[in-house]
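Breakdown of the fold
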Amino acid sequence: MNLPKLAVDWLDNRLGIKDLIHQNLGGYLLPRNVNIWYTMGSVVLALLGLQFLTGILLLVYYVPDTEKAFSSVTAIMNEVPYGWLFRYLHVVGSNLIIIFMLLHMMSVLFMGSYKRPRELTWVSGFTLLNLGMVFCLTGYLLPWSQLSFWATTVATDAAGAIPFVGEFLVSFLRGGPSVGAATLGRFFALHVMVLPLGLMGLVGFHLFCVRRAGISQPPFGEDYTPRTLGGNFTHEHHPNGVPFHPNYTIKDLAITFFALAVLVAISFYAPWLFIPPDALVPADPFVTPEHIKPEWYFLWAYQTLKIFPSKLLGLAAQGAAMTFIALLPFIDRGPERRPFKRPLFLTCYLLGTLLFVGLSIWGHYS
Amino acid sequence: MSEISETNQQRRTFLGILLGGVVAVLGAVFAWPVFRFLAPREGAGEGDQVRVPKKEIQVGGAHFFSFQGRPAVLLQPRAGDYVALSAVCTHLGCIVKWVNDKGEFLCPCHGGRFSAAGQVLGGPPPKPLETYSLKIEDTDLLVG
């Protein structure tokens, strides 16, 4: 008696799972020239799964109390068996997620995959990137170190530049006039409950959009021609394509394992890349450490605020840039997706990337 | 033809077993740290001593405190005579109460009774309360 076969047959008789599996794996055809940049989303998804797992484990010992948070994190690092491993995986993993989200976004931009009919996929993806950064910001405070405390003080203070409501917004974010127990409470609730629920919902919506619209043909090679779309919904089929499984799943797994290898290598050999010395000192609300800097992915914003003569102008510039990127599919509406046939876009793309990197390096050394 | 398909089948089975083995080893490598992380720490709190000021314990009274992660109690049945006991009933693990009038412990769960020395006086408890070593200093008592 073959028990697994019996179980599958039992389920198949009731839910038609064999058909479902065939539709989404073996029978789901992708373009033949799908490249490794199409795997970035899966890598992010795998890393997010690991963040959930390590986050739940850390919750077992972490105490969200200003008097106990730092010592509980110290105990996780020094006393709990393998506590250091799970914390390093969580810290390094969060940074890798931002890196892979950025790579995902950059590749989608380069290949013009954000264009119609994938506007909603783009907007939900861009929102996910921002949600990821809010995740990092809220998680940053939890160890209640000098770095946590002052980075949060500076980050929440930026909201004060917004006219009329700025002051209220700062105290609302902090739960009081300055960062304290109330801030830790609300950031903890956001980090472990609100944001994970929001993220799961949005990831679900993003994947739904990806599946419904179909995988976009990479805009390379002689066979490629821009799609002409009518007014109705059409799923992008690839009748001469390759099956999702095993052709694409193998590629996905290979890149995911590569990302996991990077994660493990950094966690073992260079975790200090993401845990600077100020993160090893408990928070002291009366002593601001010198040269406090935000995380690398906020350095561009930090430097922008320093360049502009007024904080409001700096915030407005950031807001305008972010809004422009979010609404790009509604602004750039031409059907052409081949990068080298879009010189204006390509120039903006390269200059924008250089500006982001340049501002970040400047912010780091300023 | 059937020979080839049989070879293919054997190869497929072999690769399946190999893959299953690799997955099992990888799973074990990851599961072990998770298990160790969640498992109670060996020897945690063992050997810890607790210092209690003598003035906290009245003659004929009881002072409850935490010792090595478990509830414990200090008694002074007669002036200068101290006893340190576990406050966990040996029946089903409830915490005993000190009944001052009777000079004995009563377990509120199933009515187990213990003397001031921890001996079973009545009810279901199968054995006496655990006794802890006690060092009497000038102003303090050192338990453990």
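Before reading on, note that the structure itself is shown above.
Now for a description of the structure that goes with this document. None of the values given here were measured: they were computed from a predicted structure.

**Side note on the interface of chain A and chain B**
Taken residue by residue, the interface counts 13 residues in chain A and nine residues in chain B. Carbon and sulfur atoms supply 78% of the area that chain A and chain B bury against each other, a total of about 1,100 Å² over both sides. At the junction of chain A with chain B, the criterion picks out zero salt bridges. Remark: the boundary between chain A and chain B carries two residue pairs in polar contact (both at pLDDT 80 or more). Counting only elements with at least two residues in the side of chain A that touches chain B, the list comes to helix 3 (40-61) and helix 5 (83-110) of chain A. Split into classes, the residues belonging to the side of chain A that touches chain B amount to 11 nonpolar, one polar and one charged.

**Description of the packing of helix 7 (residues 146-158) of chain A against helix 8 (residues 166-174) of chain A**
All names here are of chain A. Viewed as axis vectors pointing N to C, helix 7 and helix 8 meet at an angle of 145 degrees, and their least axial separation amounts to 8 Å. Pair helix 7 / helix 8 crosses with right-handed handedness. Contact with helix 7, carried on its side by Thr153, Thr156 and Asp157, involves Val170, Leu173 and Arg174 of helix 8 and no other residues of that element. For the contact of helix 7 with helix 8, the class distribution of residues is two nonpolar, two polar and two charged.

**A closer look at the state of the cysteines**
Residues and elements named next belong to chain B. If you walk through the whole model with that rule in mind, you get one disulfide over all chains. Each sulfur in the disulfide pair cysteine 94 and cysteine 109 lies 2.0 Å from the other. With the S-S dihedral at roughly -100 degrees, the linkage between cysteine 94 and cysteine 109 falls on the left-handed side. With cysteine 94 in the loop between strand 4 (81-86) and strand 5 (97-99) and cysteine 109 in the loop between strand 6 (104-106) and strand 7 (113-115), the pair connects residues that are 15 residues apart, well separated along the chain. Overall, cysteine 109 belongs to the partly exposed group, its relative accessible area being 39%. Cysteine 89 supplies the cysteine sulfur nearest to cysteine 107, a cysteine that is in no disulfide, at a spacing of 3.8 Å. Of the residues examined, cysteine 107 reaches a relative accessible area of 4% and is grouped as buried.

**Some thoughts on a nonpolar patch on the surface**
A contiguous nonpolar surface patch, about 310 Å² in accessible area, is contributed by A:Ile36, A:Trp37, A:Ile99 and A:Leu103. Relative to the assigned elements, A:Trp37 resides in the loop between strand 1 (29-30) and helix 3.

**Notes on the packing of helix 3 of chain A against helix 10 (residues 244-269) of chain A**
Residues and elements named next belong to chain A. Two elements in contact, helix 3 and helix 10, have axes separated by 9 Å at closest approach and are oriented at 50 degrees. Taken together, the axes of helix 3 and helix 10 lie oblique to each other. In this structure, helix 3 meets helix 10 at a crossing whose hand is right-handed. Contacts from Met40, Ser42, Val43, Ala46, Leu47 and Leu50 of helix 3 reach helix 10 at Tyr248, Asp252, Ile255, Thr256, Ala259, Leu260 and Leu263. Taken together, the residues of the contact of helix 3 with helix 10 break down into 10 nonpolar, two polar and one charged.

**Considerations on the environment of A:Leu169**
All names here are of chain A. Within the element layout of this structure, leucine 169 appears in helix 8. Since its relative accessible area comes to 29%, leucine 169 is described here as partly exposed. Apart from the residues within four sequence positions on either side, leucine 169 is in contact with Ala159 and Ile162.

**A look at the nonpolar core**
A:Tyr62, A:Phe100 and A:Trp144 are the most contacted members of the largest nonpolar core, which totals 68 residues. In terms of residues, this core owes the most to one element, helix 5 of chain A, which gives 14 residues. Not counting residues within four places of it along the chain, the set of residues in contact with A:Phe100 comprises A:Met40, A:Val43, A:Val44, A:Leu47 and A:Ala259. Core analysis: the second largest hydrophobic core is formed by 14 residues, B:Leu75, B:Cys94, B:Val96 and B:Phe114 among them.

**Focus: the pattern of salt bridges**
In a structure, side chains of opposite charge can pair up when their charged atoms sit close to one another. Scanning all chains against the criterion turns up 12 salt bridges over all chains. A salt bridge links B:Arg51 to B:Asp140, with the shortest nitrogen-to-oxygen separation between them at 3.7 Å. Residue B:Arg51 is found in strand 1 (residues 50-53), and its partner B:Asp140 is found in strand 10 (residues 140-143); the two are separated by 89 residues along the sequence. Residues joined in a network through salt bridges with shared partners are A:Lys5, A:Asp9 and A:Lys18.

Definitions and limits used
Residues numbered from 1 in each chain as written. Chains lettered and ligands numbered in written order. Predicted model: local features only at pLDDT ≥ 70, side-chain atom pairs only at ≥ 80, totals over all residues. Heavy atoms only, no water. Contact = heavy atoms within 4.5 Å. Buried area = accessible area lost by both parts, 1.4 Å probe. Salt bridge = Lys/Arg side-chain N within 4 Å of Asp/Glu carboxyl O. Polar contact = N/O pair within 3.5 Å; in protein donor to acceptor, adjacent residues only side chain to side chain. Helix = DSSP H or I, 4+ residues; strand = E, 2+ residues; numbered from the N terminus. Nonpolar A, V, L, I, M, F, W, Y, C, P; charged D, E, K, R; others polar. Axes fitted to C-alpha atoms, helices over the stretch in contact; angles between N-to-C directions. Left-handed = near helix turned anticlockwise from the far one by under 90°. Disulfide = S-S within 2.5 Å. Buried < 20%, exposed > 50% of the residue type's maximum accessible area, 1.4 Å probe, protein only. Patch = residues over 30% accessible without salt bridge, like charges linked within 9 Å, V, L, I, M, F, W, Y side chains within 5 Å. Areas by Shrake-Rupley, 256 points an atom, 1.4 Å probe, with all protein chains shown as cover. Parallel < 35°, antiparallel > 145°, perpendicular 65-115°, else oblique. Core = buried A, V, L, I, M, F, W, Y, C linked by side-chain atoms within 4.5 Å.

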